[in-house]
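A structural walkthrough
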Amino acid sequence: MASIETGGDGGKKGKPKQQQLRVDFTPMVDMNMLLITFFMFCTTMSKPQTMELVLPTKDTKDMTEEEKNKVKDSKAITVILGENDKVYYYFGKPDYDDYTSLKETDFSPEGIRKVLVERNIENVRKMQELRKKKYAKQISNEDFDKEAKEIRASKDGQVVLIKPTDGSTFRNLVDILDEMAICSIGVYAIVEMTDGDNFLVENLQKSGALTQQAAAVKH
Amino acid sequence: MSKVKTKKHSVWIDMTAMSDVTVLLLTFFMLTSTFIPKEPVQVITPQSVSEIKIPEANILTVLVTPKGQIFLNLDRPSDKREVLELIGKDYGITFTNNQIASFINQTTIGVPVASLPKFLDLSMDEQDDVLKTGGIPIDSTNNQFKRWVEHARDVNENLTIAVKADQETPYPLVRQVMSTLQDIKENRFNLVTNLKGMPEGF
């Protein structure tokens, strides 16, 4: 291939004088390999993914704290992100006297995800079916997005309040937002910790010592 | 001893095909590659199942390191020039042409405005060293980060803000960035993440 035949007079009898000009491509290959390695190391093949986050505006002065946090108790789940990748949660309104109303769990599939899926089982089922349809190519991507949005916005969906403590990390926040996507929860908000929440967490860590103290003071 | 002449067989491997392949690969890599932007501190982003891709252009990347340093990265050189001029006006600093050129060459914005002219007079290597310990102030009394983002948004309306924070960044630092963005009514922004597969059964 890399040779050019010169001469070669076929018409005459006797051996035709053949001169072959061969180009050695080995250095060329070496150089190319080098360049390829360079490009492989210097480039990002996959673009990073992003997660869209929409926060409420701060212009809600006429709303009081209580109004902001007003959600139907039966549908509300409050998730508190604690230190060392711990997660605490309670449903509806917390019972400040009973320290066991706050449950502790973690980010494993058996942890907070199980809790959220159990609470939101209908929407999860619907989303599963929808995804199946998408993979079977029965519906287009646009239809999928549209229907997914409808399911998420459905009225019987759960509302999750995410309260990250100062001890939590950015990964915890992304993990919990991820769980929202996995568990098809449409309505969620990142809310600041309140004194009541701090009390609950501390009370749980001390297994009810704070409630006992409070009771002792009353008597 | 009798000499036995052995016929020398020269093994000639034709490298042309090989060369073809490598050139092809090379072209592929050259065309698909986007260079990793130089970042003063390496940041490991958390993983997520979100599959939204980051837009190609018009991005303002906010880099948050675990220690709480904040760096900005604007992708369009023309925007950078205008933003620098606006910032200079705010703080009463005029930049020389050399300093502007240096600012455009340097991918990261990451020193307090007061020390910016001095910083821009340094050579590229020295600048990179300084950046490692730098960071844009975000305290409530001196929120220069807010100014930068505001001006970047004034210059380019289609700007997408991407927050790229390390997974170990404590939440209070992230909250500070997010609440600053909320203050200037940038309620919609992106968190840069790595792709992780959807768990089984969902």
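Structure first, text after, so check above.
Residues numbered from 1 in each chain as written. Chains lettered and ligands numbered in written order. Predicted model: local features only at pLDDT ≥ 70, side-chain atom pairs only at ≥ 80, totals over all residues.

Regarding the overall build of chain A
As a reminder, the rule being used: Helix and strand definitions follow DSSP, with helices as H or I runs of at least four residues and strands as E runs of at least two, each counted in order from the N terminus. We call two residues in contact when their backbone-placed C-beta atoms lie within 7 Å.
Along the backbone of chain A there are eight helices and nine strands. Intrachain contacts of chain A at a sequence separation of at least 6 include 59% that bridge at least 24 residues.

Some remarks on the overall build of chain B
For clarity, the threshold we go by: As a reference, a globule follows 2.2 Å times the number of residues to the power 0.38, and the radius of gyration itself is taken over C-alpha atoms. Here a residue counts as buried when 20 or more other C-beta atoms sit within 10 Å of its C-beta, as exposed when there are 12 or fewer, and as partly exposed otherwise, the C-beta atoms being derived from the backbone.
What chain B contains, in helices and strands, is seven helices and seven strands. Reading chain B from its N terminus to its C terminus gives the helix and strand order α-β-β-β-β-β-α-α-α-α-α-β-α-β. Compactness check: chain B gives a C-alpha radius of gyration of 25 Å against a globular reference of 17 Å for 202 residues, more than 25% above the reference. For chain B, the spread of C-alpha atoms along the principal axes amounts to about 95 × 55 × 35 Å. The buried share among the 202 residues of chain B stands at 30%. The long-range fraction of contacts in chain B, counting pairs at least 24 apart against all pairs at least 6 apart in sequence, stands at 72%.

Details of the environment of Leu55(A)
Mapped onto the elements, Leu55(A) comes out in the loop between strand E4 (49-54) and helix H2 (65-68). When the 15 C-beta atoms within 10 Å are taken as the criterion, Leu55(A) is described as partly exposed. In this structure, the C-alpha to C-alpha distance between Leu55(A) and Ala189(A), residues 134 residues apart in sequence, is 7.8 Å. Other than its neighbours up to four places away in sequence, Leu55(A) contacts Ile190(A), Met178(B), Gln182(B) and Asn187(B).

Concerning the sheet that holds strand E8 (residues 159-164) of chain A
Residues and elements named next belong to chain A. We apply this condition: In this analysis, strands are considered paired if DSSP registers two or more bridges between them. Axis definition: a line fit to C-alpha positions, over the contact stretch in the case of helices; interaxial angles, taken between N-to-C directions, run 0 to 180 degrees.
Read from one edge to the other, the open sheet built from five strands follows the order E7-E6-E5-E8-E9, with strand pairing classed as mixed. Each edge of the open sheet is held by one strand with a lone partner, namely strand E7 (103-105) and strand E9 (187-190). Each strand of the sheet is rotated relative to its neighbour by a mean of 25 degrees, with strand direction disregarded. Alignment of strand E6 (residues 87-91) against E7, held across three bridges, turns out to be antiparallel. Looking across to E7, one finds that Tyr-89 is bridged to Lys-103. Most of the contacts of helix H3 (residues 112-119) go to E6, to which it runs at about 20 degrees, and overall it touches strand E5 (76-81), E6 and E7.

Some thoughts on the packing of helix H1 (residues 26-42) of chain A against helix H1 (residues 16-32) of chain B
Definition in use: By definition in this entry, angles of less than 35 degrees are roughly parallel, angles greater than 145 are roughly antiparallel, angles of 65 to 115 are roughly perpendicular, and the rest are oblique. It is the rotation of the near helix from the far one that decides the hand of a crossing: anticlockwise by less than a right angle makes it left-handed, clockwise makes it right-handed. Each residue gets one label: Ala, Val, Leu, Ile, Met, Phe, Trp, Tyr, Cys and Pro are nonpolar, Asp, Glu, Lys and Arg are charged, and the others, such as Gly, are polar.
At a minimum axis distance of 9 Å, the contact between H1(A) and H1(B) shows a crossing angle of 25 degrees. Taken together, the axis directions place H1(A) and H1(B) in an arrangement best described as roughly parallel. Regarding H1(A) and H1(B), the two cross each other, and that crossing is left-handed. Contacts between H1(A) and H1(B) involve Met28(A), Val29(A), Asn32(A), Met33(A), Leu35(A), Ile36(A), Phe39(A) and Met40(A) on the former and, on the latter, Met18(B), Ser19(B), Thr22(B), Val23(B), Leu25(B), Leu26(B), Phe29(B) and Met30(B). For the contact of H1(A) with H1(B), the class distribution of residues is 13 nonpolar, three polar and no charged.

Here we look at the environment of Asp154(B)
Residues and elements named next belong to chain B. Inspection of the secondary structure assignment puts Asp-154 in helix H6 (residues 144-155). Judged by the 13 C-beta atoms lying within 10 Å of it, Asp-154 is partly exposed. A C-alpha to C-alpha distance of 9.7 Å links Asp-154 and Leu-86, two positions 68 residues apart in sequence.

Considering the interface of chain A and chain B
Listed per partner, the contact involves 41 residues of chain A and 50 residues of chain B. Of all the secondary structure elements, the ones that give two or more residues to the side of chain A that touches chain B are H1, strand E3 (43-44), E4 and helix H6 (170-182) of chain A. Per-element tally for the side of chain A that touches chain B: the top contributor is H1(A), with ten residues. Direction of pairing for E4(A) relative to strand E7 (residues 188-195) of chain B: antiparallel, over a ladder of six bridges. Following the sheet pairing, Thr50(A) is matched in E7(B) by Val192(B).

A short note on helix H7 (residues 195-205) of chain A
Residue and element names in this part refer to chain A. Filter applied, for reference: The directions considered for the arc run from the helix axis to the C-beta atoms.
Among the residues making up H7, those that are buried are Asp-197, Leu-200, Val-201, Asn-203 and Leu-204. Along the long axis of H7, the arc covered by the buried residues comes to 165 degrees, so they all point the same way. For H7, the exposed residues lying more than 90 degrees away from the buried face are Asp-195 and Glu-202.

These results come straight from atomic positions and should not be treated as a statement about function.
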